[in-house]
Amino acid sequence: MPTIPPEQARPFETHRQRQVAESFGSDAGRYDRARPSYPGALVDRIVAASPGRDVLDVGCGTGIAARLFQAAGCRVLGVDPDERMASVARQAGLEAEVTTFEDWDGAGREFDAVIAAQAWHWVDPVAGAANAARVLRPGGRLAVFWNAAQLPPELAAACAEVYRAVQPGLPFNPWTRPVLEAYQFMCGKAADGIREAGGFGEPARWRFDWDRAYTRDEWLDQVPTMGGHAQLQPAKLAELLAGLGAAIDALGGGFTMNYATVAVTAARTP
């Protein structure tokens with residue numbers, strides 16, 4: 001999902017923006033309901049490339065990705081800094097511990113895969129990779145991935161204008177340029193962190209393209225879950241949603257989102 005465009009991501013480290021990183025639990029139920037899933041081909045590839053089925057999900061949130069790995073036959077432990085998010089994950093049957101991954105203690109436990117879905121940019125890329133290396137079995141796989149969403153061009157332009165009109169200078173107008181650029185930048189940061197931490201082979205990048213149709217109401221349900229939006233004043237958020245709804249209505253009341261799920265992955269060296 002859209003988060004921080006590259007022109008805003010470069011000047012600072014996103015993992016230091018704790019107020020944003022830990023804001024998603026303000027409406028954890030909506031987050032779980034409205035956020036998109038991930039392609040089954042990605043899950044299958046990670047599982048096939050791992051030596052076993054023990055998975056650690058970093059920044060597990062409400063368990064959207066973890067449930068996919070459970071359905072694939074994996075045993076999943078989640079770690080998340082927000083008790084509100086972890087509580088929703090537990091209600092769905094996921095074991096979840098509450099802490100930042102940098103501070104998390106594996107207590108001697110080992111895993112075959114460490115994953116992070118839409119969350120690794122909230123983790124220090126070097127400290128996170130080093131902690132993953134400590135808990136992965138030899139040959140275990142670190143795989144961090146994001147959904148990069150792209151609206152149809154005409155709707156993207158209309159939505160970008162709505163953001164500008166509602167609050168000029170808003171630091172998270174996600175539609176001013178192709179969203180994939182931001183995630184390519186994050187992938188590069190993740191790969192650099194893995195190399196610097198050591199203990200892994202050379203990182204590889206994977207990409208999976210897929211589409212999802214949205215109604216007006218489905219998309220407006222998701223918008224408040226995007227990074228930074230929870231910090232808007234209620235009146236501004238309502239104005240933003242009204243403008244986005246009008247833009248979607250003007251183009252027929254629905255649209256198809258093009259997603260590219262991008263991943264950075266590396267195997268733990270013996």
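Going by the structure above, here's the rest.
Notes on the structure in this doc start here.

What counts, and at which threshold
Residues numbered from 1 in each chain as written. Predicted model: local features only at pLDDT ≥ 70, side-chain atom pairs only at ≥ 80, totals over all residues. Heavy atoms only, no water. Helix = DSSP H or I, 4+ residues; strand = E, 2+ residues; numbered from the N terminus. Expected span 1.5 Å × (residues − 1). Buried < 20%, exposed > 50% of the residue type's maximum accessible area, 1.4 Å probe, protein only. Contact = heavy atoms within 4.5 Å. Salt bridge = Lys/Arg side-chain N within 4 Å of Asp/Glu carboxyl O. Axes fitted to C-alpha atoms, helices over the stretch in contact; angles between N-to-C directions. Parallel < 35°, antiparallel > 145°, perpendicular 65-115°, else oblique. Left-handed = near helix turned anticlockwise from the far one by under 90°. Nonpolar A, V, L, I, M, F, W, Y, C, P; charged D, E, K, R; others polar. Pairing = 2+ DSSP bridges. Phe/Tyr/Trp six-rings, centres within 6.5 Å; stacked < 30°, edge-to-face > 60°.

**Points about helix α9 (residues 179-197)**
Under the 1.5 Å per step criterion, the end-to-end length of α9 is 28 Å for 19 residues, consistent within 8% with the ideal 27 Å. Considered for burial, the residues of α9 that qualify are V179, L180, A182, Y183, M186, C187, G188, A190, A191, G193 and I194. Directly after α9, the chain includes G198, whose backbone phi takes a positive value near 80 degrees.

**A word on the side chain of D112**
Here D112 is to be found in strand β4 (residues 111-117). By relative accessible area, D112 is classed as buried at 5%. For D112, the residues in contact, after removing those within four places along its chain, are S50, P51, G52, R53, D54, L136, R137, G140 and R141.

**Examining the pattern of salt bridges**
A complete count under the given rule lists 19 salt bridges for this structure. Salt-bridge contacts for R216 lead to D249; the nearest nitrogen and oxygen are separated by 3.0 Å. Here R216, found in helix α10 (residues 216-222), pairs with D249, found in helix α11 (residues 234-250); they are 33 residues apart in sequence, far enough to count as distant. Its relative accessible area of 25% is what places R216 among the partly exposed residues. For E239, the salt bridge goes to K236, with nearest N and O atoms at 3.9 Å. Highlighted residues: E239 and K236, both in helix α11, separated by three residues, approximately one helical turn. Note on E239: relative accessible area 41%, which makes it partly exposed. Within this structure, D54, R75, E110, D112 and R137 form a network of salt bridges that share partners.

**What to know about the packing of helix α7 (residues 125-135) against α9**
The interhelical angle for the contact between α7 and α9, taken along N-to-C directions, is 55 degrees, at an axis separation of 8 Å. What the angle tells us is that α7 and α9 run oblique. Note on packing geometry: the crossing formed by α7 with α9 is right-handed. Every residue of α9 that contacts α7 at P125, V126, A129 and A130 is listed here: K189, G193, I194, E196 and A197. A per-class count over the contact of α7 with α9 returns six nonpolar, one polar and two charged.

**Some words on helix α5 (residues 64-71)**
Within α5 the residues assigned to the buried category are I64, A65, A66 and F69. For α5, the elements touching its buried residues are α3 (28-34), α4 (40-48), β1 (54-58), β2 (75-80), β4 and β5 (136-150). Once α5 finishes, G73 follows within two positions and takes phi at roughly 95 degrees, a positive value.

**Comments concerning the sheet that holds strand β3 (residues 95-98)**
Spatial ordering of the open sheet is given by β3-β2-β1-β4-β5-β7-β6, a layout of seven strands whose pairing is mixed. Among the strands making up the open sheet, the edge pair consists of β3 and β6 (204-215). The sheet shows a mean angle of 20 degrees between the axes of neighbouring strands, taken without regard to direction. Inspection of the sheet shows β1 paired to β2 by five bridges, in the parallel sense. Looking across to β2, one finds that V58 is bridged to V79. In the packing of α7 onto the sheet, contacts are made with β1, β4 and β5, and the angle to β5 comes to roughly 140 degrees.

**Describing the packing of aromatic side chains**
All chains considered together, the criterion is met by 10 aromatic pairs. Summarising the aromatic geometry, the rings of Y38 and F145 are spaced 5.3 Å apart at their centres and angled 80 degrees between planes, so their arrangement reads as edge-to-face. With Y38 in the loop between α3 and α4 and F145 in strand β5, the pair connects residues that are 107 residues apart, well separated along the chain. The exposure class assigned to Y38 is buried, which follows from its relative accessible area of 11%. F145 gets classed as buried once you look at its relative accessible area, which sits at 1%. Ring centres of W175 and W219 lie 6.3 Å apart, and the angle between their planes is 55 degrees; on these two criteria the pair is classed as tilted. One end of the pair, W175, is in the loop between α8 (153-166) and α9; the other, W219, is in helix α10, and 44 residues separate them in sequence. Pair check on accessibility: W175 and W219 agree, each one buried.

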